Amino acid sequence: MSENVLEVKNLCKYFDVNRGMKGAQKVIAVDGISFEVKKGETFGLVGESGCGKSTLGRTILRIYEPTKGEIVFEGEDISRLSRKKMLPYRQKLQMIFQDPYASLNPRFTVGEIIEEPMVIHHMYDEKKRKKRVQELLETVGLKPDHIRRYPHEFSGGQRQRVAFARALAPNPQLLLLDEPFAAIDAKIRTELRSWLKDMIEKLGITSIFVTHDQDEAIEVADEIIITNRGRIEQKGTPLEVYQNPDTAFTAGFFGQTSVI
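Residues numbered from 1 in each chain as written. Predicted model: local features only at pLDDT ≥ 70, side-chain atom pairs only at ≥ 80, totals over all residues. Heavy atoms only, no water.

1. Section: the overall build of the protein
And then number 1: Regarding its fold elements, the protein presents 10 helices and 10 strands.
And then number 2: Taking 18 Å as the expected radius of gyration for a compact globule of 260 residues, we find that the protein reaches 19 Å, a close match to that expectation.
And then number 3: With the C-alpha coordinates aligned to their principal axes, the bounding extent of the protein is approximately 55 × 50 × 45 Å.
And then number 4: Going through the 260 residues of the protein one by one, you find that 48% of them count as buried.
And then number 5: Sequence-distant contacts, at least 24 apart, represent 64% of the contacts inside the protein between residues at least 6 apart.
And then number 6: Accessible surface computed for the protein: about 13400 Å², of which carbon and sulfur atoms make up 48%.
And then number 7: Across the protein, the centroid of the 38 positively charged side chains sits 6 Å from that of the 37 negatively charged ones. (Helix = DSSP H or I, 4+ residues; strand = E, 2+ residues; numbered from the N terminus. Rg over C-alpha atoms; globule rule 2.2 N^0.38 Å. Buried < 20%, exposed > 50% of the residue type's maximum accessible area, 1.4 Å probe, protein only. Contact = heavy atoms within 4.5 Å. Areas by Shrake-Rupley, 256 points an atom, 1.4 Å probe, with all protein chains shown as cover. Lys, Arg positive; Asp, Glu negative; His and termini not counted. Charge placed at Lys NZ, Arg CZ, Asp CG, Glu CD.)

2. As for unusual backbone geometry
And then number 1: Phi at H122 is positive, roughly 55°, even though this residue is not glycine.
And then number 2: Residue placement: H122 occurs in the loop between α3 (110-120) and α4 (126-139).
And then number 3: At R229, a residue that is not glycine, the phi angle is positive and equals roughly 55°.
And then number 4: If you trace the backbone, R229 turns up in the loop between β9 (223-228) and β10 (231-236).
And then number 5: Classification of R229 as exposed rests on a relative accessible area of 72%.

3. So, the packing of α3 against α4
And then number 1: It is at 9 Å that the axes of α3 and α4 come closest, and there the two elements cross at 120°. The angle between α3 and α4 places the two elements in the oblique class. Relative to α4, α3 is oriented so that their crossing is right-handed. Contacts between α3 and α4 involve V110, G111, I114, E115, M118 and V119 on the former and, on the latter, R129, K130, R132, V133, L136 and L137.
And then number 2: Partitioned by chemical class, the residues of the contact of α3 with α4 number 7 nonpolar, 1 polar and 4 charged. (Axes fitted to C-alpha atoms, helices over the stretch in contact; angles between N-to-C directions. Parallel < 35°, antiparallel > 145°, perpendicular 65-115°, else oblique. Left-handed = near helix turned anticlockwise from the far one by under 90°. Nonpolar A, V, L, I, M, F, W, Y, C, P; charged D, E, K, R; others polar.)

4. Describing the sheet that holds β9
And then number 1: Taken together, the 6 strands give an open sheet; going across it, the order is β6-β7-β8-β3-β9-β10, and neighbouring strands pair in mixed fashion. Looking at strand neighbours, the two that pair on one side only are β6 (93-96) and β10, the edges of this open sheet. Along the sheet, successive strands turn relative to each other by an average axial angle of 20°, direction set aside.
And then number 2: Here strand β3 (residues 42-46) runs beside β9; their pairing, made up of 4 bridges, is parallel. Its bridge partner being in β9, F43 is matched across the sheet by E223. (Pairing = 2+ DSSP bridges.)

Structure follows, in structure tokens:
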């Protein structure tokens, strides 16, 4: 049995955009990317803004439909599954978005937000769902009485903890974190990434971490790919890539010391 939870093979994502008098033109966001994610590891998709890393992550989860290639999850190619056949995989593939406030329903309490995925996927009875909500609040470092509060009553860092609890609720096998600290101020961001690394290791959950921040990639990820214009520039552990950049782009991305 393969130790890989996910295998991405020659994945491409093109968008057709209207460019006025010239008609529709093709924008290549993801261009033939391949990699594997091992069970229990945190895999980093790293690159500058606009390089295609978030599109890559969303294509892997079938939020965007792939143009070409394969997405093999737990041995099954899910890249062409119908919406109905994808439903069981929606439970196993969860995502944390950049903006914790925009991604949380402002009309729901924290308890309702965390419980919602379990209701959608018909998991447990009501009593067990309520118990799991309380367990998840404790897991992410929130208080029991937070269950009755609304998103606007929390700080950005606390909202992202709520989002993390919601993503964990249906017991996912793969967690995609799309620049989860981008909308949070620098001091809290540093604290949260240390907390996140510890939490992921404690839970043993396989994760894909999308970021443009080199420090985040080095601290959080076990293995990374550097992306540029929809393609892979380099792959390896953060330390390997930092110490031995293969291309001028990678060296420049990690700083002038690497270039020298």
